[in-house]
Amino acid sequence: MTDFDTNKPIYQQIAEDILKKAVRGEILPGDRIPSAREYASQKLVNPNTVVRAFQDLEREGLVVVKRGLGNYLTTDTTRLEDARFQLAQKTLIQCAKDLRELGYTTKQIQQLLSQQLEVMK
Amino acid sequence: MIQVNQLGKKYGQTTVLQDVSFQLPQGQFLGLLGVNGAGKSTLIKILAGLTPPSQGSVGWANKIRFDKAAVSYMPEMDHFYTHWLAKDAFSFHADFFAMNKQRFLDALDFLNVPLHKQFSQLSKGNRTRMRLAIALAREAQLFLFDEPLSGIDPFARQEILRALAVEFRCEDASYILATHQILEAEALFDRVLVLKSGKTLLEGQAETIRLQWGNSILEAIRSAAKE
């Protein structure tokens, strides 16, 4: 993978990549997702790493592995919504931490966020 | 599982490998990294059975017997006869080793190697591709690639990596790739062995090393070299 983030495990980035595609609607509930080998070839990553990422997604109920048929995104939209919310939370926590490190108070962080949202409208 | 214990190699008075130990589970891919003269090629030649170690041992488990027939080795240099066509290279190797013809043809096709040109008439990139197709066509338990990316343009490098690490990968075989192209290849490694002046600088699971040093394998090597 030429564009991976060097601070995160690669299997985690692969799982997040699939998840992001799902929440953005690029993959729909029940759609077939690539096999580990197809994905590894596309992104030039180790197939063993992709298998691990897909196993994590399967354990979380986001991907259903049908033996001999392939991997499918779950049709359980509640699960997908949960996963989306978790991703949002992770992003928020990181953002809040970074701002705290810069010395901003809770109130200032709230102000900064709403100002930024206003600018980005 | 391949278990390498305290391997050492001397050529006369010169020590080229010293106390190198690592393991490589079946089905995994090892990146063998280090600058020129670090001992990568020597280690690969010992594993290929071409030169004996001065010290230490190479052990094989899981029913794999150490045997040249079980090891496919792609040397760094162009080692084919200049007049060979792809089919000549194949039949020569098939006289010595178990080969998979379909995998050979598929690899030539995947890598776009011209079939009716003599080896000497091929470009450097295509000579490497033809040698790679032969190495991949071997029915082996351990595949060794010594700098298959050196002198190859970036686009072709990706294609070569894709062929050897994904498309023609046998699930139950183990792979060792010696390369300078760390950043391009690092997402392909299960494990990493970094040599510096014949000694181990870093060894272990690629993911653990990346996390431990908080960055890429390349950065980890730079940081480890400073310590």
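Residues numbered from 1 in each chain as written. Chains lettered and ligands numbered in written order. Predicted model: local features only at pLDDT ≥ 70, side-chain atom pairs only at ≥ 80, totals over all residues. Heavy atoms only, no water.

Q: Just to check I follow, could you spell out the nonpolar core for this structure?
A: Inside soluble globular proteins, nonpolar side chains tend to come together where they are buried. One finds A:Phe54, B:Met130, B:Leu132, B:Phe145 and B:Leu164 to be the most contacted residues of the largest nonpolar core, which totals 79 residues. When residues are assigned to domains, this core turns out to be shared by domain 1 (10-75) and domain 2 (78-119) of chain A, each giving three or more. Other than its neighbours up to four places away in sequence, B:Leu164 contacts B:Phe29, B:Leu132, B:Leu136, B:Phe145, B:Pro148, B:Arg169, B:Tyr175 and B:Leu177. The next biggest cluster of nonpolar side chains, apart from the first, holds 24 residues, and it includes B:Ile2, B:Trp60, B:Leu142 and B:Ile176. (Core = buried A, V, L, I, M, F, W, Y, C linked by side-chain atoms within 4.5 Å. Buried < 20%, exposed > 50% of the residue type's maximum accessible area, 1.4 Å probe, protein only. Domains from an automatic or database assignment. Contact = heavy atoms within 4.5 Å.)

Q: I'm lost on the domain arrangement of chain A in this one. Help?
A: Where interface size is given, it is often the accessible area lost as the parts come together that is meant. Residue and element names in this part refer to chain A. In terms of domains, chain A is made up of domain 1 (10-75) and domain 2 (78-119). The distance between the C-alpha centroids of domain 1 and domain 2 comes to 27 Å. With twelve residues of domain 1 in contact, the opposing surface of domain 2 contributes six residues. Across the domain 1 to domain 2 interface the summed buried area is about 710 Å²; carbon plus sulfur atoms make up 79%. Of all residues in domain 1, the largest losses of buried area upon contact with domain 2 belong to Leu19, Val23 and Leu62, amounting jointly to 47% of the total for that side. Taken together, the links from domain 1 to domain 2 amount to one salt bridge. Residues Lys90 and Glu16 are paired through a salt bridge, measuring 3.0 Å at the closest nitrogen-oxygen approach. For the interface between domain 1 and domain 2, the tally reads two residue pairs in polar contact (both at pLDDT 80 or more). (Buried area = accessible area lost by both parts, 1.4 Å probe. Salt bridge = Lys/Arg side-chain N within 4 Å of Asp/Glu carboxyl O. Polar contact = N/O pair within 3.5 Å; in protein donor to acceptor, adjacent residues only side chain to side chain.)

Q: What is the right way to read the pattern of salt bridges from this model?
A: Opposite charge on two side chains allows them to pair when their charged atoms are near. Counted by the stated rule, this structure contains 21 salt bridges over all chains. Taking the shortest distance from any N to any O, the salt bridge between B:Arg127 and B:Asp78 comes out at 2.6 Å. Taken as a pair, B:Arg127 in helix 4 (residues 124-137) and B:Asp78 in the loop between strand 5 (71-74) and helix 2 (86-94) lie far apart in primary sequence, 49 residues in all. On the accessibility criterion, B:Asp78 (32% relative accessible area) is partly exposed. Note that B:Arg169 is salt-bridged to B:Asp190, the shortest N-O span being 3.6 Å. One end of the pair, B:Arg169, is in the loop between helix 5 (154-167) and strand 7 (174-179); the other, B:Asp190, is in the loop between helix 6 (182-185) and strand 8 (191-196), with 21 residues separating them in the sequence. Taken individually, B:Arg169 and B:Asp190 each receive the classification buried, so the pair is uniform in this respect. The network of salt bridges with shared partners includes A:Lys8, A:Glu16 and A:Lys90. (Helix = DSSP H or I, 4+ residues; strand = E, 2+ residues; numbered from the N terminus.)

Q: Would you take a moment to explain the interface of chain B and chain A for this structure?
A: Across the boundary between the two partners, chain B contributes 22 residues, which contact 20 residues of chain A. In this assembly, chain B packs against chain A so that about 1,700 Å² is buried in total across both faces, 49% of it on carbon and sulfur atoms. The tally of links between chain B and chain A comes to zero salt bridges. Where chain B packs against chain A, one counts 13 residue pairs in polar contact (both at pLDDT 80 or more). Looking at the side of chain B that touches chain A, the elements that each hand over two or more residues are helix 5 and helix 7 (206-212) of chain B. At six residues, helix 5 of chain B tops the list of elements feeding residues into the side of chain B that touches chain A.

Q: How do you make sense of helix 2 (residues 36-43) of chain A when you look at a structure like this?
A: Every α-helical turn comprises 3.6 residues, leaving residues that sit three or four positions apart pointing alike. Every buried residue of helix 2 of chain A is accounted for by A:Ala36, A:Tyr39, A:Ala40 and A:Ser41. Against the buried residues of helix 2 of chain A lie helix 1 (10-23), helix 3 (47-59) and strand 3 (70-73) of chain A together with helix 5 of chain B. In the segment just after helix 2 of chain A, A:Leu44 is the residue with positive phi, at about 55 degrees.

Q: Looking at this structure, how should I read the side chain of B:Thr179?
A: Residue and element names in this part refer to chain B. Here Thr179 is to be found in strand 7. Looking at Thr179, its side chain comes within polar contact range of the main-chain nitrogen of Gln181, at 2.9 Å. The contact partners of Thr179, leaving out residues within four places of it in the chain, are Leu32, Leu33, Lys40, Glu147, Leu149, Ala185 and Phe189.

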